[in-house]
Amino acid sequence: MNYRHIYHAGNFADVFKHATLALIVRHLTLKDKSFCVLDTHAGVGAYDLGSEQALKTGEFRDGIGRVLASPECPPSLSPYLDVVRDLNPGTGGALRRYPGSPLLARALMRPCDRLVLAELHPEDAESLAALFRHDRRVSVQRMDGYAAVKAFLPPPERRGLILVDPPFEERDEAQRLADALKAVHRRFATGITMLWYPIKDRAPVAAFHDALEASGIRSLLIAELLIRADDDPGRLNGCGLALVNAPWTLPGALAGFLPFLCRTLGRDPGARWRVDRLVGE
Ligand SMILES: C[S@@+](CC[C@H](N)C(=O)[O-])C[C@H]1O[C@@H](n2cnc3c(N)ncnc32)[C@H](O)[C@@H]1O
């Protein structure tokens, strides 16, 4: 396990994933019934952007840094950006901390809702546990995220979101992701599921979409953001989210901010975005 998210915290991929996550959690709070979020690959929960590692790549500057510097952020980014701003009070707009998916979800949830976090890296799991040690609505598990799907689903609340956001260090990660979707669906068919995947060149993405289609699961939405043309297998040119049971308002909200992210974060004329149903209802 070599991957450490601190090098990438707040980059374009985090902005897209976290802005979408914020919309879904906000949607879940609209109903007067508690819910559970399971984050299977949680990371450390919050990131110090002044750390040596974050400054070494500086990826956040071309991600959340560019977004916050823009005078024209679309309203559908507000649930996400409000949390980022609240985490950086009194800095005059400078960024010191960045919320990972756990802190973002927690900030938007209500006292009656629950958050279950799985993280396998021993140091990261320890940092995550320390971050939430006083919060009884958050359970931190040092374990394999795919095993967490089997251990914690379905949640007693019977409402919720499962985020599966692996580091893609393993060659078979895309297949494991497609298998995880099936495992989630078998246990909790009504849950909202969000899978993150990288886009380098197109062939592996097409194979992943084929595997998702072959799962037989309905109501599958694909959202992608490319900051460059997807023709170089050696670098992260974009990323995608595969969503099952997404709120009906989500495609419109994504279409509200993706053109802005594409303009603001795009690096060459190959930058583009899409929101499409891979499989219908
Ligand atoms: C992309 S990062 C997660 C970022 C986080 N979801 C966020 O958005 O803030 C992936 C995380 O998965 C952890 N990890 C790697 N393999 C894992 C596994 N099999 N089960 C759980 N966590 C794992 C890594 O240590 C890393 O912290």
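Note that the coordinates shown come from a computational prediction; the quantities given were computed from them, not determined experimentally.

Notes on the sheet that holds strand β4 (residues 114-118)
If you walk across this open sheet you meet the eight strands as β5-β4-β1-β6-β7-β9-β8-β10, and the pairing is mixed. Lying at the two open borders of the sheet, with one neighbouring strand each, are β5 (138-141) and β10 (272-279). Taken pair by pair, the neighbouring strands of this sheet meet at an average axis angle of 15 degrees, ignoring direction. With respect to the sheet, helix α8 (residues 173-187) is in contact with β6 (160-164), β7 (192-199) and β9 (238-244), its orientation differing from that of β7 by roughly 175 degrees. The strands touched by helix α9 (residues 202-214) are β7, β8 (220-226), β9 and β10; relative to β7, the strand with the most contacts, the crossing angle is about 160 degrees.

Quick look at the environment of H121
Mapped onto the elements of the fold, H121 is located in the loop between β4 and α6 (122-131). Among the residues examined, H121 registers a relative accessible area of 9% and is labelled buried. C-alpha separation for the pair H121 and C262, spaced 141 residues apart in sequence, amounts to 33 Å. Ignoring sequence-local partners within four residues, the contact set of H121 consists of M1 and R4.

A word on helix α1 (residues 12-28)
The first and last C-alpha atoms of α1 sit 25 Å apart over 17 residues, in line with the 24 Å expected at 1.5 Å per residue. Judged by how many residues are buried, α1 sits mostly within the fold: 15 of 17 residues are covered. Residue N11 occupies the N-cap position of α1, its side-chain oxygen lying 3.1 Å from the main-chain nitrogen of A13.

A short note on the packing of α1 against helix α5 (residues 101-108)
When two helices pack together, their arrangement is given by the angle between the helix axes and the distance between those axes. Relative to each other, α1 and α5 sit at 30 degrees, their axes nearing to 9 Å. Accordingly, the angle class assigned to the pair α1 and α5 is roughly parallel. Between α1 and α5 lies a crossing whose hand is right-handed. Every residue of α5 that contacts α1 at H18, L21, A22, V25 and R26 is listed here: S101, L104, A105 and L108. Per-class residue counts for the contact of α1 with α5 are six nonpolar, two polar and one charged.

Focus: the layout of surface pockets
Reported here for the second largest pocket is a volume of approximately 180 Å³. In terms of lining, the second largest pocket is formed by H27, L28, K31, R158, R159, G160, T190, G191, I192 and N245.

Procedures and definitions
Residues numbered from 1 in each chain as written. Predicted model: local features only at pLDDT ≥ 70, side-chain atom pairs only at ≥ 80, totals over all residues. Heavy atoms only, no water. Pairing = 2+ DSSP bridges. Helix = DSSP H or I, 4+ residues; strand = E, 2+ residues; numbered from the N terminus. Axes fitted to C-alpha atoms, helices over the stretch in contact; angles between N-to-C directions. Contact = heavy atoms within 4.5 Å. Buried < 20%, exposed > 50% of the residue type's maximum accessible area, 1.4 Å probe, protein only. Expected span 1.5 Å × (residues − 1). Polar contact = N/O pair within 3.5 Å; in protein donor to acceptor, adjacent residues only side chain to side chain. Parallel < 35°, antiparallel > 145°, perpendicular 65-115°, else oblique. Left-handed = near helix turned anticlockwise from the far one by under 90°. Nonpolar A, V, L, I, M, F, W, Y, C, P; charged D, E, K, R; others polar. 1 Å grid on protein atoms, 1.4 Å probe; cavity = no way out; pocket = protein on both sides within 12 Å on 5 of 7 lines; lining within 4 Å. Points joined across faces, edges and corners; volume = space filled by probe spheres on them.

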